[in-house]
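The chain contents come next:
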Amino acid sequence: MAGEHHADLTRPLLDAVALFETLDISYALVGGLAAMYYGRQRFTEDVDFIAAAQYEDVLAGQAAAMRRHHFDPSCTWKLYHESGAQIDIWKDRYSGDMIGRATTVVLAGQPIRVVEMHDLIAMKLRADRPQDDYDISQIIQHQSIDDNVVRSRVDDPQFQHYLAIKQRTERA
């Protein structure tokens with residue numbers, strides 16, 4: 001997060017983490033910023049999290065806290081920061097497990113829970129978008145990935161897709 005490309009997302013990221021912690025909402029950073037932490041070399045335009053199952057109910061009853069942390073309280077399924085940045089909160093049936101395996105790292109000078117890299121790869125395989133293939137290839141280039149862990153977190157077609165990405169990445 002030290003790079004200048006992230007300056008416009010730093011405040012919304014830190015405000016979202018502060019909001020989650022203030023309201024005791026379990027969370028983990030996912031998406032492009034998490035991929036950047038693990039080595040991705042592409043800019044992202046938003047901040048993505050997974051959060052505890054009932055986060056919308058908690059946020060709905062905490063309009064004052066949302067305002068204090070610079071978010072519009074009229075929306076709880078997604079967070080709109082006063083800077084104009086959007087905070088997407090993804091729902092994945094594995095969110096609880098992923099939050100449980102997340103690790104605390106220091107980003108932008110603050111401790112932040114980041115999804116474990118195998119979970120991030122699995123989530124990106126489930127999303128099945130072109131930009132996710134690139135993110136996965138970048139993570140493979142910069143991290144030591146345990147294929148058996150990836151296999152345990154996705155279905156067979158998704159794992160075969162992962163192996164194809166890995167093979168292309170290793171040939172490049």
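Residues numbered from 1 in each chain as written. Predicted model: local features only at pLDDT ≥ 70, side-chain atom pairs only at ≥ 80, totals over all residues. Heavy atoms only, no water.

Novice: Would you explain the side chain of aspartate 46 in this entry?
Specialist: In this structure, aspartate 46 sits in the loop between helix H2 (31–37) and strand E2 (47–51). Buried charge without a salt bridge: aspartate 46, with lysine 78 as the nearest opposite-charge side chain at an N-O distance of 6.5 Å. The contact partners of aspartate 46, leaving out residues within four places of it in the chain, are Leu9, Leu33, Gln86 and Asp88. (Helix = DSSP H or I, 4+ residues; strand = E, 2+ residues; numbered from the N terminus. Buried < 20%, exposed > 50% of the residue type's maximum accessible area, 1.4 Å probe, protein only. Lys, Arg positive; Asp, Glu negative; His and termini not counted. Salt bridge = Lys/Arg side-chain N within 4 Å of Asp/Glu carboxyl O. Contact = heavy atoms within 4.5 Å.)

Novice: Help me understand the pairing of strand E5 (residues 103–107), please; the structure alone is not making it clear to me.
Specialist: Along a regular strand, successive side chains alternate from one face of the sheet to the other. Sheet topology places E5 next to strand E6 (residues 110–114); five bridges connect them, and they run antiparallel. Bridge pairing in E6 links threonine 104 to arginine 113. Counted along the chain from E5 to the antiparallel partner E6, the turn is two residues long, and its residue alanine 108 has a positive phi close to 55°. (Pairing = 2+ DSSP bridges.)

Novice: How should I be thinking about the nonpolar core in this particular structure?
Specialist: One recurring pattern in soluble globular proteins: nonpolar side chains tend to sit buried together. Formed by 54 residues in total, the largest nonpolar core has its most connected members in Leu29, Phe49, Leu79, Ile112 and Tyr162. When residues no more than four places from it in sequence are discounted, the contact partners of isoleucine 112 are Leu13, Leu14, Val17, Tyr27, Leu29, Thr103, Thr104, Val105 and Leu107. (Core = buried A, V, L, I, M, F, W, Y, C linked by side-chain atoms within 4.5 Å.)

Novice: Could you clarify how one ought to interpret the packing of aromatic side chains in this entry?
Specialist: Remark: the centre distance and the inter-plane angle together describe each pair of aromatic rings, the angle taken between the planes. All told, the structure shown has five aromatic pairs when counted by the stated rule. An angle of 85° between the planes, with centres 5.1 Å apart, marks the rings of phenylalanine 20 and phenylalanine 49 as edge-to-face. Taken as a pair, phenylalanine 20 in helix H1 (residues 7–22) and phenylalanine 49 in strand E2 lie far apart in primary sequence, 29 residues in all. Among the aromatic residues, ring-to-ring pairing joins Phe20, Tyr27 and Phe49 into one connected group. (Phe/Tyr/Trp six-rings, centres within 6.5 Å; stacked < 30°, edge-to-face > 60°.)

It is worth stressing that arrangement in space is one thing and function is another; only the former is reported here.
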